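Residue-level structural notes
One letter stands for each residue in the lines below.
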Amino acid sequence: MNRFARVFLILVLLLLSSGKSFAIVEDELVKTTLLDKNIKKPYTNLNYNYEDTDVVDVRLSVLEDIKNEKYLHEGQIIKFKVVRDVKYKNKVVIKHGTIATAKVETIITNGMNGIPASVIFGDFNIEGVPWSKLTSTYEKFGLDLSLMVYPIKWALTILPPTGTFTNFIKGGHVKLKSKNVITIEYHPNWN
């Protein structure tokens, strides 16, 4: 047995043989803020079949082109158009040309070393379709240059300051044109 294991074993035996009981320390913050509070559990739909995997793609295109993420702000409503009919069991659920809206939830600007910008669209709403039956978010990324920048950076580190210059290469902006199609999912059996 090595020296570290022997010292550890001796310390454990000393602690156990000391006769002191280890009490659980309670958190004072929990006592003061949550004492006498009625906390409800989150709602769980027990009547739902969670094994259901029926999914139908909903293809959308933006109505107005988004040049880059600098023209957006969080909470902004973006309008989309359904590109083609959405069918489930040979029945049209969402018609071609139906207007859909989404909220800009998060904007992440592009960063150094080729890290791309990204925009998260969420809270999709299509007329006649309950929001609970649609996927909640869609994330659009800019051009990712990091896979090109990092190997160059590491190759140049042998020449002292040159590898640092690659830090100034920024990733691409988020661009979304009306000819681009994004896909969200429609779950017909969700409640």
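Overview of the structure. Everything numeric in this text was worked out from a predicted model, so none of it was measured.

What follows covers unusual backbone geometry. A positive phi is found at N113, a non-glycine position, where the angle reads about 65°. Within the secondary structure, N113 is located in the loop between β5 (99-108) and β6 (118-126). Despite not being glycine, D123 has its phi angle at roughly 55°, a positive value. With respect to the secondary-structure elements, D123 resides in strand β6.

The subject of this paragraph is the pattern of salt bridges. Taken as a whole and judged by the stated rule, the model has two salt bridges. Among the ionic pairs, D57 bridges to R59, the shortest N-O distance being 3.9 Å. In this structure, K103 and D123 form a salt bridge, with 4.0 Å as the shortest nitrogen-oxygen distance. Of the two residues, K103 is situated in strand β5 and D123 in strand β6; the sequence distance between them amounts to 20 residues. Overall, D123 belongs to the partly exposed group, its relative accessible area being 42%.

In this section: the pairing of β6. Taken across its nine residues, β6 has seven buried, putting it largely inside the fold. Note: β6 against strand β7 (residues 137-141), five bridges, orientation antiparallel. Pairing of V119 across the sheet is with K140, part of β7.

This part covers the environment of E127. One can find E127 in the loop between β6 and β7. Exposure remark for E127: the relative accessible area of 72% places this residue in the exposed category. It is 20 Å that separates the C-alpha atoms of E127 and N90, two residues lying 37 residues apart in sequence.

Further remarks concern helix α3 (residues 146-156). Residues spaced three or four apart along an α-helix point in a common direction, a consequence of the helix completing one turn every 3.6 residues. Within α3, burial applies to S146, V149 and K153. Looking straight down α3, one finds that the buried residues subtend no more than 65° of arc, so they occupy a single side. Among the exposed residues of α3, those oriented more than 90 degrees off its buried face are L147, W154 and A155.

A cluster of nonpolar side chains, namely V7, I10, L11 and L14, defines an oily patch on the protein surface of about 380 Å² accessible area. Relative to the elements of secondary structure, V7 occurs in helix α1 (residues 3-17).

Before going further, it helps to examine the environment of D144. Within the secondary structure, D144 is located in the loop between β7 and α3. We classify D144 as partly exposed; its relative accessible area is 37%. Expressed as a C-alpha distance, the spacing of D144 and I77, which sit 67 residues apart in the sequence, is 26 Å. Look past the residues within four positions of D144 in its chain and what remains in contact with it is G114 and P116. Side-chain polar atoms of D144 contact the side chain of S146, separated by 2.6 Å.

Under the criterion given, the structure shown has two aromatic pairs. A centroid spacing of 5.9 Å and a plane angle of 90° characterise the contact between F80 and F121, whose relative ring orientation is edge-to-face. Of this pair, F80 sits in strand β2 (residues 77-82) while F121 sits in strand β6, placing them 41 residues apart in sequence. Measuring from centroid to centroid gives 6.0 Å for F80 and F124, while their planes differ by 45°, and the two rings are tilted. With F80 in strand β2 and F124 in strand β6, this residue pair connects regions lying 44 residues apart in the sequence.

Parameters at a glance
- Residues numbered from 1 in each chain as written.
- Predicted model: local features only at pLDDT ≥ 70, side-chain atom pairs only at ≥ 80, totals over all residues.
- Heavy atoms only, no water.
- Helix = DSSP H or I, 4+ residues; strand = E, 2+ residues; numbered from the N terminus.
- Salt bridge = Lys/Arg side-chain N within 4 Å of Asp/Glu carboxyl O.
- Buried < 20%, exposed > 50% of the residue type's maximum accessible area, 1.4 Å probe, protein only.
- Pairing = 2+ DSSP bridges.
- Arc of directions from axis to C-beta.
- Patch = residues over 30% accessible without salt bridge, like charges linked within 9 Å, V, L, I, M, F, W, Y side chains within 5 Å.
- Areas by Shrake-Rupley, 256 points an atom, 1.4 Å probe, with all protein chains shown as cover.
- Contact = heavy atoms within 4.5 Å.
- Polar contact = N/O pair within 3.5 Å; in protein donor to acceptor, adjacent residues only side chain to side chain.
- Phe/Tyr/Trp six-rings, centres within 6.5 Å; stacked < 30°, edge-to-face > 60°.

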